[in-house]
Amino acid sequence: MKRWLTWMMLIVMCAVVSVVPFIHVRNALVARDNHSIISQQLTTIPKGQEVADVLVVGNDVKVSGDVYEILVVVNGNVQLTSTARAGIVVDLGGAIHEAPGAHINALYHAALSTPFWNGIFVGGLLSVLVWGGLLVLSIAVVLLSVVITLGLRNHVTIPMRILDNSIRKTGVTGFLVSVAVMAIIALLAVTLIGLPLAFVLGFFYAIAGAVGFSLISHWAGKLVLRNSGIERPAWLTSLLGSSLMVAFCNIPFIGLLLFCFFWLIGVGVTTIWVWGTWRSRKHKAASES
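Scope of this entry: the structure provided in the associated data block. What you see is a predicted model, and the numbers here were worked out from it, not measured in a lab.

1. Remarks on the environment of Asn-105
With respect to the secondary-structure elements, Asn-105 resides in strand 10 (residues 103-110). For the pair formed by Asn-105 and Ala-86, sequence separation is 19 residues and the distance between their alpha carbons is 6.6 Å. Non-local contacts of Asn-105, meaning those with residues more than four positions away in its chain, are made with Ala-86 and Gly-87.

Structure, rendered in structure tokens:
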């Protein structure tokens, strides 16, 4: 019963929140017809008056008449006199004063100042903020991957070949490089002189990871479109691949593990690519000399 009541309160609150933006809030507004009252000022239902629904936001209501459907009060008090008749009364954030003789079919009250409801609101707000932050971060990662791939579109042949040859070897390389970099950064960070070097090393490591993530997104996009028979532009394959990767990374619990997996492979492919390019240039220079 308590669980059902809690869900009932949440549903009513969502309905009220969806209705309130359509109420003009410049002045206290009362919209009345033969069946409903929507008010933001002190409202009174006198004895003998019958209405179907009443919504009062931010003020009190006194009922002496008949509300034969539902009465909802948000952040206000409800006074039910002895002649009051109501179907359902819902009060969120105020108090209900019911006089002897009042006839109410169902009554629901939630004091929003209690720790439970404060926790609900704070938790909901934090959830929205976290979701919004993840959405912005996901879009930024996808856009960054596309931009990096466009900048390297004429140089991705070797990295694609590295990924095709062995994902396992690339991932192991990325793991070993990451461990070595973290260890060196930790050693440098304990001294004042080494702290700037730690920042520089961390910066280059982040660049290697970002470039590698973009290369993996391009590779994943090409893998998905390999049966299309049409050569797609680099930005499209990167957009497709990075979108899929980011989507998997947003899966609860295992998303972080997948991101670490993609990141290590990215660090590995960037390291192998840069190391191979440096060695080939060194051998070429030695042969020319």
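2. Structural notes on the side chain of Ser-238
Inspection of the secondary structure puts Ser-238 in helix 6 (residues 234-249). Since its relative accessible area comes to 0%, Ser-238 is described here as buried. A polar contact is formed between the side chain of Ser-238 and the backbone oxygen of Ser-145, at a distance of 3.3 Å. Apart from residues no more than four positions distant in its own chain, Ser-238 is found in contact with Ser-145, Val-146, Thr-149, Ser-214, Ser-217 and His-218.

3. Some points on the sheet that holds strand 3 (residues 43-45)
What the 4 strands build is an open sheet, ordered 3-5-7-9; its pairing is parallel. Of all strands in the sheet, those with a lone pairing partner are strand 3 and strand 9 (96-98), marking the two edges. Neighbouring strand axes in the sheet, compared pairwise and without regard to direction, differ in orientation by 10° on average. Bridge count for strand 5 (residues 61-63) against strand 7 (residues 78-80) is 3 bridges, and the pairing is parallel. In the strand pairing of strand 7, Lys-62 is matched with Gln-79.

4. A short note on the packing of helix 3 (residues 157-165) against helix 5 (residues 194-224)
Each pair of packed helices can be summarised by the angle the axes make with each other and by the distance between the axes. Here helix 3 crosses helix 5 at 70°, and the two axes come no closer than 10 Å. As summarised for this structure, helix 3 and helix 5 are arranged roughly perpendicular, according to the angle between their axes. The handedness of the crossing between helix 3 and helix 5 is right-handed. Counted together, Pro-159, Met-160, Leu-163 and Asp-164 of helix 3 and Leu-215, Ile-216, His-218, Trp-219 and Lys-222 of helix 5 form the full contact between these two elements.

5. Concerning the packing of aromatic side chains
Under the defined criterion, the tally for this structure stands at 7 aromatic pairs. Between Phe-203 and Phe-204 the ring centres are 5.8 Å apart and the planes differ by 70°, which places this aromatic pair in the edge-to-face class. Accessibility classification places Phe-203 together with Phe-204 in one group, the exposed group. Aromatic side chains Trp-275 and Trp-278 sit 5.3 Å apart centroid to centroid with 35° between the ring planes, which places their arrangement in the tilted category. One end of the pair is Trp-275 and the other is Trp-278, both in helix 7 (residues 254-288) and 3 residues apart, which spans about a single turn. Take Trp-278: its relative accessible area is 47%, and that puts it in the partly exposed class. Here a set of aromatic residues connected by ring pairs shows up, and it is made of Tyr-205, Phe-213, Phe-259, Phe-261, Phe-262 and Trp-263.

What counts and what doesn't
- Residues numbered from 1 in each chain as written.
- Predicted model: local features only at pLDDT ≥ 70, side-chain atom pairs only at ≥ 80, totals over all residues.
- Heavy atoms only, no water.
- Helix = DSSP H or I, 4+ residues; strand = E, 2+ residues; numbered from the N terminus.
- Contact = heavy atoms within 4.5 Å.
- Buried < 20%, exposed > 50% of the residue type's maximum accessible area, 1.4 Å probe, protein only.
- Polar contact = N/O pair within 3.5 Å; in protein donor to acceptor, adjacent residues only side chain to side chain.
- Pairing = 2+ DSSP bridges.
- Axes fitted to C-alpha atoms, helices over the stretch in contact; angles between N-to-C directions.
- Parallel < 35°, antiparallel > 145°, perpendicular 65-115°, else oblique.
- Left-handed = near helix turned anticlockwise from the far one by under 90°.
- Phe/Tyr/Trp six-rings, centres within 6.5 Å; stacked < 30°, edge-to-face > 60°.

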